[in-house]
Amino acid sequence: MEVGPYAGRPFLSPVAVPPARPGPWPVVAAAVAGCWTVAVVAPAELVGWLADQVRLATGLDRVVWLWPVVAVVTVLLAGVPALLLALLPRSGAVRATGRAWLGGLLALGALTGLRALPPVHHEAYLAALAATAVLLAVVLPRLVRGPAPTPPAAGRPDDPAAPSGAGHPDDPVGPDRPHDPAAPIAPAAPAGPRGTVPAAPPAVTWLAVAAGLATLLPWAWFGALGGLLETVLAAAAAAAVGVLAGALLDARFWAHLAGGPPHRPARLVLVGGLVAGVTLLLLAAGTGQSGAQLPALLTLPPLGFALAALQAPALRSGGPVGPAPARWLVGLAAFGPLAFTDPEEITLLLAATRDVPFWVAVAAAGGLAVAALLAIVYGVLLARPNGHAPSRPVAVATVGVLLAGAALVHLGPGQPGLHGERLLVVLREQADLSGVPTDGTGQAGRDARAREVYRRLVETAERTQAGLRRDLTRLGLDPTPYYLVNAIEVDGGPAVRAWLSGRREVDRVLLSQRLRPLPAPAPTSRGDQAAPSGPAWNVSLLRADQVWSQLGVTGAGIVVGSSDSGVDGRHPALAGGFRGGDDSWYDPWDHTRAPTDQGGHGTHTTGSAVGRDGIGVAPGASWVGCVNLDRNLGSPARYLDCLQFMLAPFPAGGDPFTDGRPERAPQVLTNSWGCPPIEGCDPAALRPAADALDAAGIFVVAAAGNTGPYCRSIEDPPATYPDVFTVGATDRDRQVADFSSRGPVPGAAKPDVVAPGVGVLSAMPGGGYATLDGTSMAAPQVAGVVALMWSANPTLVGDLERTRRILRDTAVPAGATYASRDPADACGGDANIGGAGLVDAYAAVRAAR
C-alpha cells in the first residue's frame, strides 16, 4: 500500500527533456589547436633542416641530437592542446580530432628521431622507417582510440545517446540542429566481431589508388630513382606510412567526424578534410631524412580532403569505410619524395642553380596542384547530394590509365633507370714508393720520377686486384679499377659492402656518391663584368705584375693542371693557354671531348692561375683540365679519376692503366675542392694519391676551405695532408677573410700560406668575367706563383721541398681577421691565421733564381 502525499495517484511519465545545446567553444578550441599545430610543426621542420644545412655549409660536424630534440620540442608544444582535445570536450567529434592529432604527434616524434642515423646510410634509414611505422600502426590506435560512436535508439532521435547530428551534444561542427522525424536514421558503422570495421567498397579503394598514382606523376617526371635496394626500401617505407595513416584515420575516426543522420557529405569533406589534413601533416613531418620531409609537407596534407570525400558514398550506404583508402592514397603519395629524391641532394649547396632543390620544389608544387585538384574532383563527384562512386570497372580503368601514364612519363620526359650510389673498395696493400730516385734535376728528373711512380702504382694494382676484379665482374657489379689509390669502384648496397669489408685484401669500403640526373641541365653560369683594363688588384697585391715587367717571367714552359667543374676552352683569356693534343682534357662525368664548363667555378679558378688579360698570375703558362665536380658535388672516385689523369695523362677513350703518359704530367696542380664525409671520403681516402703525386715531383696546391673562422676547420682532404700546399684567403687589405678555414691539422700547421680570395675577378663561361669569394679563388694564384718560380728557374722543377720553403720564407705578414686577446684565436700561429703569411710572387721568384 502506497503512502505519502501521492498515495493513490499514478506516477507521472518522465518528460523528454532536449539535451542542452552545447556552445561553439569546443569547435573553436579545435580550430585554434589545429592552427597552433601547423604553426609549430612546419617551422620546426624547416628550422631543423636549415640548422643541418648551415652546419654542412660551415664545415661543422653533424649534430646527432638535433632531430631528436626537434621531435621532443614539437611533441611537447603541440601535444598538450591535442591531449586536452582528446580528453575534455563532450563532443565525440572533437575528442576524435584530438586523438588523431595526438597519435600523429606521437608518430612524428618517433619517426623524426630516426634522423639521428647518418644520411649516407640511406638504406638503413628507410628500413628503420618502415619497421617503426608498422610498429606505430599497431601500437598507437590502442593508445589513443576512443569509444565507438553509439547508434541512435530507434524512434528516439532526441535520445541523449544519439549520435551527433540527431540532437546530440556530440555534433561535430556546431550546436544541435532540429531533427526531421521523417528523415531516416542511418546506423553507425557496424562494429563486427571484436570491434572490426567494414572493408572499403572496391570502387572507393580503386579511387584511392588512382588518386595516389596521380600524385606520383610529378615525381616520375622531375625526379629520379636511386639504387634497386634503395627503391625497394622506399616502397616498403611508403607502404608502412600508408598503413600508419590508415590506423589513425580509420572507420571509427570518420564515424565520429561524420556524425549521425542527416549526413551532410559536403560538411564532412570540409571539416573532416581539415582534421585529416593536419594528421597527414604530422605524418609527413616525420617521413624522410632531413630535407625529404619538406616536399611531403606540401603534398600530403591536402589529400585529407580527398580522403574525406571518399567516405561520402559509404556513409549513404551504412557507415564509413575502413583504413584501405588512406593506406593506398597516403602510401603512394609518400613514395614520391621517398624514392625519387636523394635527401643529401636537397641541400643549400645546390640551391644557387637550377639543380635538385629546384626540381624537388617543382615536383612538390605539382603534387600540391594534383592534391588540390583531387579534392575538388572527388568532392564534386562523391559529396554532392546525389553523388555516387563510379562503378568498379570505371575505377579500375582509371587506375590502369594513370599507371600507364606514370610509366610513360618516367620513361619519356623523366629520368628512367636506377641511379644509386657506388662503393669505393680500398685495398690493404698500397704501392711502396720508397726509394724512388730523386737524383735527377729539372724537368728530366721530374719525368723519370713520374714514370717510376706510375710503374709501381700500376704493378701493385694489377697484382693485388686481379682476383677481386674477377669476382666482381662475375657478380655483375661493374668494377672500375684505380691505381693512384689501390681501389676499385663498384655497384652495390649494404649487403655488398658487408661482403667486401670481410675480404682479407680489403682495408675498408667507402661510399662513392653519385648524383641523380636532372630533367634538364642547369643553365651555364656566366659573368656579367668586363675584362680588367690592367692587372687585377689581386695580381698586383701579389706583385706578380712586377715579375712580368721587371723580371720578364710569365710562366712560359710550365703546365698547370686544373681539376674542377671544367674549363671554358673558348674563353679569350684561356683559349691561347690550352696545351692541346689528345691528352690535355678529361671528363669522367659526361665524357665531353673538348674543354667545357657549365658551373663556371673551374673557368674562374683556372683563369686566376694562368688567364691572360690581367686576371692570371702566370699568363704565359699552359693548362690542362679535368672535370671532377658535377653540379658542385663530387665523389672519391671522380676525384681519383682526375688525379690519375694529372699523374699520367691518356688520350680520349684510353685506358689509364696502359695508356698513361707520365712524362706529359703537368708540373703544378691547382685544386679548389675538398672531399667531405657527405661525398664519401674519410680523412685518409686520398692520402695515397697525395703521397704518389709528391713522390712524382708534382706540386699540389689545395684550397683550405671556407668554414672559418673556427680553429681546426681545415678538415677535408686533400687540404689536410702535409705534402699538399694549403692556401687560405685574404681581402685587398691583406686581412685574412673570416670565412677562410684555419688549422692546425694533425701533424701539420695549416694553411701554408694565404693569398687574395675576396672579390677576385676572373673568367667565366661564355667570355665574361665575375668576382667571386673563397679560398677557391686564392689557391690557383699560388699555383700561378709556383709556375712563375719554375719558369724562372727550370732546375727547380720537381724540387718540392725547396719550393715550399721559398714560398713560406718570402711570404709577408697578413692581418688578423679580427682583434682578439684570446690566445686560442691564434689557431697554432699568429693573429688567428695559423701563422701563414701572404704570398709575395716577386720575392719568391727572385729567391728561386
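Residues numbered from 1 in each chain as written. Predicted model: local features only at pLDDT ≥ 70, side-chain atom pairs only at ≥ 80, totals over all residues. Heavy atoms only, no water.

**Brief notes about unusual backbone geometry**
Argument step 1. Omega for the bond connecting P717 with P718 falls within 30 degrees of zero, at 10°, which places this linkage in the cis form.
Argument step 2. Structurally, P718 can be placed in the loop between β11 (699-703) and β12 (725-730).
Argument step 3. Following K750, the chain continues into P751 via a peptide bond in cis, with omega recorded as -5°.
Argument step 4. Even without being glycine, R543 reaches a positive phi, approximately 65°.
Argument step 5. Of the residues examined, R543 reaches a relative accessible area of 27% and is grouped as partly exposed. (Helix = DSSP H or I, 4+ residues; strand = E, 2+ residues; numbered from the N terminus. Buried < 20%, exposed > 50% of the residue type's maximum accessible area, 1.4 Å probe, protein only.)

**Considering the sheet that holds strand β3 (residues 422-427)**
Argument step 1. Pairing is antiparallel in the open sheet, where four strands are placed in the order β4-β5-β3-β6. Looking at strand neighbours, the two that pair on one side only are β4 (480-482) and β6 (506-512), the edges of this open sheet. Going from strand to strand, the sheet's axes swing by 25° on average, the running direction of each strand aside.
Argument step 2. Looking at chain direction, β4 and strand β5 (residues 487-491) are connected through three bridges and run antiparallel. (Pairing = 2+ DSSP bridges. Axes fitted to C-alpha atoms, helices over the stretch in contact; angles between N-to-C directions.)

**Thoughts on the packing of aromatic side chains**
Two descriptors summarise a pair of aromatic rings, namely the distance from one centre to the other and the angle between the planes of the rings.
Argument step 1. Per the stated rule, a full pass over the model turns up 14 aromatic pairs.
Argument step 2. What links up through ring pairs into an aromatic cluster is the set W221, F222, F358 and W359.
Argument step 3. R469 extends its terminal NZ or CZ atom over the ring of F657, reaching a point 5.2 Å from the ring centre.
Argument step 4. Sitting over the ring of W589, R638 keeps its end group 5.7 Å from the ring centre. (Phe/Tyr/Trp six-rings, centres within 6.5 Å; stacked < 30°, edge-to-face > 60°. Lys NZ or Arg CZ within 6 Å of the ring centre and 35° of its normal.)

**A look at the packing of helix α21 (residues 775-792) against helix α23 (residues 841-848)**
Argument step 1. Where α21 contacts α23, the two axes come as close as 8 Å, and the packing angle between them is 30°. On the basis of their axis angle, the class for α21 and α23 is roughly parallel. Taken as a pair, α21 and α23 cross one another with a handedness that is right-handed. Between α21 and α23, the residues in contact are V785, L788, M789 and A792 and A841, A844, V845 and A848, respectively.
Argument step 2. When its residues are assigned to classes, the contact of α21 with α23 shows eight nonpolar, no polar and no charged. (Parallel < 35°, antiparallel > 145°, perpendicular 65-115°, else oblique. Left-handed = near helix turned anticlockwise from the far one by under 90°. Contact = heavy atoms within 4.5 Å. Nonpolar A, V, L, I, M, F, W, Y, C, P; charged D, E, K, R; others polar.)

**A look at the state of the cysteines**
Argument step 1. With the rule as written, the count across this model stands at two disulfides.
Argument step 2. Across a sulfur-sulfur distance of 2.0 Å, C626 and C642 are joined as a disulfide pair. Sign of the S-S torsion, about -80° for the bond between C626 and C642, identifies this disulfide as left-handed. Note that C626 is positioned in strand β9 (residues 622-627) and C642 in helix α19 (residues 636-647), a separation of 16 residues in sequence. Grouping residues by exposure puts C626 and C642 together as buried.
Argument step 3. A sulfur-sulfur distance of 1.9 Å marks the disulfide that ties C675 to C681. (Disulfide = S-S within 2.5 Å.)

**Some details on the layout of surface pockets**
Rolled over the atoms, a probe sized like a water molecule indicates the empty space that remains.
Argument step 1. Reported here for the second largest pocket is a volume of approximately 420 Å³.
Argument step 2. Taken together, 21 residues make up the lining of the second largest pocket; nearest its centre are A31, W101, V271, L274 and V275.
Argument step 3. For the lining of the second largest pocket, the element with the most residues is helix α1 (residues 25-57), which contributes six residues.
Argument step 4. In terms of residue class, the lining of the second largest pocket is built from 18 nonpolar, three polar and no charged. (1 Å grid on protein atoms, 1.4 Å probe; cavity = no way out; pocket = protein on both sides within 12 Å on 5 of 7 lines; lining within 4 Å. Points joined across faces, edges and corners; volume = space filled by probe spheres on them.)

**A short note on the packing of helix α3 (residues 92-112) against helix α7 (residues 251-258)**
Argument step 1. The N-to-C vectors of α3 and α7 enclose an angle of 145°; their axes lie 8 Å apart at closest approach. In this structure, α3 meets α7 at a crossing whose hand is left-handed. Across the interface between the two elements, G92, A93, A96, T97, R99 and A100 of α3 pack against F253, H256 and L257 of α7.

**Remarks on the side chain of Q513**
Argument step 1. Position of Q513 among the secondary structure elements: in the loop between β6 and α16 (537-541).
Argument step 2. A relative accessible area of 10% means that Q513 is categorised as buried.
Argument step 3. For Q513, the side chain forms a polar contact with the side chain of E344, separated by 3.4 Å.
Argument step 4. Among the polar contacts listed, one links the side chain of Q513 to the backbone oxygen of I678, at a separation of 2.9 Å. (Polar contact = N/O pair within 3.5 Å; in protein donor to acceptor, adjacent residues only side chain to side chain.)

**Here's the deal with the confidence of the model for the chain**
Argument step 1. When pLDDT is averaged along the chain, the result is 88; 88% of the residues meet or exceed 70.
Argument step 2. Counting contacts from residues 1-20, a segment whose pLDDT is below 50, to residues more than four positions away or on other chains yields nine contacts. (pLDDT = per-residue confidence, 0-100.)

**A look at the sheet that holds strand β13 (residues 753-756)**
Argument step 1. With respect to topology, eight strands assemble into an open sheet ordered β8-β9-β7-β10-β11-β12-β13-β16, the strand pairing being parallel. Each edge of the open sheet carries a strand with a single partner, namely β8 (585-586) and β16 (837-838).
Argument step 2. Direction of pairing for strand β10 (residues 668-671) relative to β11: parallel, over a ladder of four bridges. Residue pairing for β11: T670 is matched across the bridge by V701.

**Remarks on helix α4 (residues 122-144)**
Argument step 1. Spanning 23 residues, α4 covers 31 Å between terminal C-alpha atoms, matching the ideal 33 Å at 1.5 Å per step.
Argument step 2. The axis of α4 is deflected most strongly, by about 30°, at A137, and proline P141 appears within four residues downstream. (Expected span 1.5 Å × (residues − 1). Bend = angle between axes of the 7 residues up to and from the residue.)

**Topic: the nonpolar core**
Argument step 1. Formed by 107 residues in total, the largest nonpolar core has its most connected members in W101, L244, L280, L307 and Y378.
Argument step 2. By size, the runner-up hydrophobic cluster in this structure holds 67 residues, among which are V567, F725, L796 and A848. (Core = buried A, V, L, I, M, F, W, Y, C linked by side-chain atoms within 4.5 Å.)

**Digging into the pattern of salt bridges**
Argument step 1. A complete count under the given rule lists 31 salt bridges for this structure.
Argument step 2. Of the charged contacts in the structure, one is a salt bridge between E459 and R463, with a shortest N-O distance of 3.2 Å. Here E459 and its partner R463 are both found in helix α14 (residues 442-474), four residues apart, which amounts to about one turn of the helix.
Argument step 3. You can call E459 partly exposed: its relative accessible area is 38%.
Argument step 4. A relative accessible area of 45% means that R463 is categorised as partly exposed. (Salt bridge = Lys/Arg side-chain N within 4 Å of Asp/Glu carboxyl O.)

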